[in-house]
Amino acid sequence: MRPEDLLHPTPKGLYCPPGDFYVDPVRVVPRALISHAHSDHARPGHGAVLATRETLDLMALRLGERFTSTRQPLAYGEMVNINGVTVSLHPAGHVLGSAQIRLEKDGLVIVVSGDYKTAADPTCAPFEPVRCHVFVSEATFGLPVFRFGDPAQEVAKLLRSVAVFPERTHLVGAYSLGKAQRVMAMIRAAGHTAPLYVHGALEPITDYYAAQGQDFGPLKPVAGAHKSAFVGAIVVAPPMAMTDLWARRFADPLTCFASGWMRVRARARQRSVELPLVISDHADWDGLCAAIRATHCQELWVTHGAEDALVHWAQTRQIRARPLRLVGYGEEDETETAETPPAGQ
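Keep in mind that what you see is a predicted model, and the values were worked out from it rather than measured.

Draft legend 1. A look at the packing of aromatic side chains. Using the criterion set out here, one finds twelve aromatic pairs in the structure. Centroid distance Tyr175 to Phe257: 5.5 Å. Interplanar angle 80°. Geometry classified as edge-to-face. With Tyr175 in the loop between strand E12 (169-173) and helix H4 (179-189) and Phe257 in strand E16 (residues 253-258), this residue pair connects regions lying 82 residues apart in the sequence. A relative accessible area of 1% means that Phe257 is categorised as buried. Where Trp246 meets Phe250, the ring centres are 5.2 Å apart and the plane angle is 75°; that geometry is what we call edge-to-face. We classify Trp246 as buried; its relative accessible area is 13%. Counting every residue linked through ring pairs, the aromatic cluster contains Phe141, Phe146, Phe148 and Trp261. Over the aromatic face of Phe165 sits the side chain of Arg168, whose NZ or CZ is 6.0 Å from the ring centroid. For the cation-ring pair, Arg322 lies above Trp301, with the distance from its terminal atom to the ring centre recorded as 4.7 Å.

Shown next, in the form of structure tokens:
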């Protein structure tokens, strides 16, 4: 069997003809396998969805309980047969519940990474390399310029700023699923014990993480708090909230933004970020290369991002490689807006 017979790109997304299902489809399909709950990979309206329990729960939180007609949870490492194709899910290290999707038929193994990172994250299972013949990888930060340092040092930089400017509110922009929770967990790991203030749009997902056992320490909602409470405090909010009327309630806010894109100074200037925090939930260049090598793949397909550089790197190492140039994927980081908090938030 050729790899293209087991999986190939279509306008709706990656399609598996033998199994008659799609992986992270960008349009509504009868059956979808979903890698994680970010909006560029998880869309409502599919007839049936297979994913980890956490991804299904998070999709319900974000999209509503009726986001699909049928849900099928699958634990990491568990195998299921779909029309002769053996499917299993393996940790991707991206966000809570994120999974690489392994497909096997007639001895051929293809692994679709979804979004992933190899850096440590206290809020989700770590990336697990899976041996395969074909590895289908993202390349959001697929350029050598994207080499990220220790994210703990970025959090230390934030806490030093809090100490130096105790009269200011440190307003940290972080994406509502995954990044916000990771940043809060890292702030606690660094020894900061003061209450963190949380934008209402982050509360449902943060509450879900807490229900899964994540300890964020004392959290307080921004809504209802007096302006004086924010002096010297850290406030975590979706990135777009920092540009609207919501942010005007804080006294002399110091804007921070946690993203791999903060590696590019022009991006920080464009967003008027005073304190860029280079913390990414995607693999950097070294992480991508290490992950690919760890799969021992013979062929690499690159879905989206800086495909050409990663394809060239693979080809120079005798790995067959090609870009898929899939349309419809892009870091949720770039598209997320300040969600309207649910009633009562």
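Additional details are given in the paragraphs that follow.
Draft legend 2. View of the sheet that holds strand E9 (residues 99-105). Spatially, seven strands are ordered E7-E8-E9-E10-E11-E18-E19 in an open sheet, and the strand pairing comes out mixed. Every other strand in the sheet has two partners, leaving strand E7 (79-82) and strand E19 (320-323) as the edge strands with one partner each. Within this sheet the neighbouring strands show an average axis-to-axis angle of 20°, counted without direction. Across five bridges, the pairing between E9 and strand E10 (residues 108-112) is antiparallel. Across the sheet, residue Arg102 finds its bridge partner in E10, namely Val111. Seen against the sheet, helix H7 (residues 285-295) touches strand E11 (134-139) and strand E18 (299-305) and runs at an angle of roughly 170° to E11. Sheet strands in contact with helix H8 (residues 307-315) are E11, E18 and E19, and its direction is about 165° off that of E18.

Draft legend 3. Just the confidence of the model for the chain, in detail. This prediction gives the chain a mean pLDDT of 94; 95% of its residues lie at or above 70. A low-confidence stretch, residues 333-345 stays under pLDDT 50, and its non-local contacts, those more than four residues away or across chains, total 32 contacts.

Draft legend 4. How the structure looks around H4. With ten of eleven residues buried, H4 lies mostly within the body of the structure. Within H4, the full set of buried residues consists of Lys179, Ala180, Gln181, Arg182, Val183, Met184, Ala185, Met186, Ile187 and Arg188. In the segment just after H4, Gly191 is the residue with positive phi, at about 100°.

Draft legend 5. Broad picture of the side chain of Arg168. Structurally, Arg168 is set in the loop between helix H3 (151-164) and E12. Within the structure, Arg168 has its side chain in polar contact with the backbone oxygen of Pro253 (distance 3.0 Å). Apart from the residues lying within four places of it in its own chain, the contact partners of Arg168 are Phe230, Val231, Gly232, Ala233, Ala251, Asp252, Pro253, Leu254 and Glu274.

Draft legend 6. Structural context of the pairing of E9. With six of its seven residues buried, E9 lies for the most part within the structure. Relative to E9, strand E8 (residues 85-91) is paired through six bridges, and the arrangement is antiparallel. Within the sheet, the bridge partner assigned to Pro91 lies in E9 and is Ala99. If you look at the hairpin formed by E9 and E10, you'll find two residues sitting between the two strands, and Asp106 has a positive phi there, around 50°.

Draft legend 7. Summary view of unusual backbone geometry. The phi dihedral of Asp20 is positive, around 55°, even though this residue is not glycine. Relative to the helices and strands, Asp20 is located in the loop between strand E2 (13-16) and strand E3 (21-23). With a relative accessible area of 46%, Asp20 lands in the partly exposed category. Phi at Asn83 takes a positive value of approximately 55°, unusual for a residue other than glycine. In this structure, Asn83 sits in the loop between E7 and E8. Judged by relative accessible area, which is 55%, Asn83 ranks as exposed.

Draft legend 8. Broad picture of the nonpolar core. Among the nonpolar cores identified, the biggest contains 44 residues, and Leu158, Ile187, Ile234 and Leu277 are the most heavily contacted of them. For this core, the leading source of residues is H4, giving six residues. With near-sequence residues (within four places) excluded, Ile234 lies in contact with Leu158, Leu159, Val162, His170, Val172, Ile187, His192, Leu196 and Tyr197.

Rules used in this analysis
- Residues numbered from 1 in each chain as written.
- Predicted model: local features only at pLDDT ≥ 70, side-chain atom pairs only at ≥ 80, totals over all residues.
- Heavy atoms only, no water.
- Phe/Tyr/Trp six-rings, centres within 6.5 Å; stacked < 30°, edge-to-face > 60°.
- Helix = DSSP H or I, 4+ residues; strand = E, 2+ residues; numbered from the N terminus.
- Buried < 20%, exposed > 50% of the residue type's maximum accessible area, 1.4 Å probe, protein only.
- Lys NZ or Arg CZ within 6 Å of the ring centre and 35° of its normal.
- Pairing = 2+ DSSP bridges.
- Axes fitted to C-alpha atoms, helices over the stretch in contact; angles between N-to-C directions.
- Contact = heavy atoms within 4.5 Å.
- pLDDT = per-residue confidence, 0-100.
- Polar contact = N/O pair within 3.5 Å; in protein donor to acceptor, adjacent residues only side chain to side chain.
- Core = buried A, V, L, I, M, F, W, Y, C linked by side-chain atoms within 4.5 Å.

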